Every structure is written in C-alpha cells, then in structure tokens.
Amino acid sequence: MKTLMRAAAIAVLCLMTAVCVSAPDADQAGNIYPAACSQKATDAVTTPMMVVPLGSPLLPDFHNGKTTYGYAHSLPNGAVWLLAISDALAGWRRKDLIRHERCHVIVGAWHD
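The following paragraphs examine the structure supplied in this document. (Residues numbered from 1 in each chain as written. Predicted model: local features only at pLDDT ≥ 70, side-chain atom pairs only at ≥ 80, totals over all residues. Heavy atoms only, no water.)

1. What to know about the packing of aromatic side chains
Here is step 1 of the chain: Inspection of every chain in the model, using the stated rule, returns 1 aromatic pair.
Here is step 2 of the chain: Between Y33 and W110, the aromatic rings sit 5.1 Å apart at their centres with planes inclined by 25°, giving stacked as the arrangement. Of this pair, Y33 sits in the loop between α1 (2–17) and α2 (39–43) while W110 sits in the segment after α3 (91–107), and the two are 77 residues apart along the sequence. Across the pair, exposure class does not vary: Y33 and W110 are buried alike.
Here is step 3 of the chain: In this structure, R99 is placed above the aromatic ring of Y33, and the distance from its NZ or CZ to the ring centre is 3.8 Å. (Phe/Tyr/Trp six-rings, centres within 6.5 Å; stacked < 30°, edge-to-face > 60°. Helix = DSSP H or I, 4+ residues; strand = E, 2+ residues; numbered from the N terminus. Buried < 20%, exposed > 50% of the residue type's maximum accessible area, 1.4 Å probe, protein only. Lys NZ or Arg CZ within 6 Å of the ring centre and 35° of its normal.)

Structure follows, in structure tokens:
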C-alpha cells in the first residue's frame, strides 16, 4: 500500500511540474531506436518479410545461445533483401520485432 501511494504521489507531482521526461523509444530488448526509425518511418518500409518457425536457418544463432526471433538478411553491399520473422511471437512483441528489423533496413547496424 505504501509503494502504491508513493507511486501515485510521484505521478501527481510529474503532472503538476512538467519535470518528467519521457522514456527513450526502445524495443523490447532495451535497444534505443535511432531517430530515423520512428513508427511512421518503419511502417513505410516495404522490404519483403517471411514468417518462419523458430529455429529456422533463416534465423541464425549468433547471440551466444540466445534465441533469434528476427533477422534482416542483406547483400554484401548492405542492401536488405528479406526480413525473417519468427512465428513464435504475437501481439505487441511481434509488431515491435517487425519495427526492429525494418529499422535495420533504414539505418543498417544500430545496436550491439
């Protein structure tokens, strides 16, 4: 109850003082999206997308054993030609993954 009251007090203070800063626009893995990758910009990307089963060869395992849910396949010149998206995600997680991969089409490599 004490924590809830503290949270409510902070929320009211934020609304009253305009001191609050919005959180950075980040994906579900915590990667902060570059300014060029707004939702509007990524929605405009028309690179073909293929939904594949988790573990597909189109979802390479290069994260030291962590599951790869999406991958932007590119040519040697950097041009992205296919987005592979796992069928294991749904809802907002799937939408965020698609935005994440489309951001690679716009700016190339943008996170660790």
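2. Structural notes on the sheet that holds strand β3 (residues 80–86)
Here is step 1 of the chain: Read from one edge to the other, the open sheet built from 3 strands follows the order β1-β3-β2, with strand pairing classed as mixed. The strands lining the two open edges of the sheet, one partner per strand, are β1 (49–52) and β2 (70–74). Mean inter-strand twist for the sheet, computed between neighbouring axes without regard to direction, equals 25°.
Here is step 2 of the chain: Here β2 pairs with β3 via 5 bridges, running antiparallel. The residue of β3 that forms the bridge with Y71 is A84.
Here is step 3 of the chain: Along the sheet, α3 contacts β1, β2 and β3; its crossing angle with β3, the most-contacted strand, is approximately 160°. (Pairing = 2+ DSSP bridges. Axes fitted to C-alpha atoms, helices over the stretch in contact; angles between N-to-C directions. Contact = heavy atoms within 4.5 Å.)

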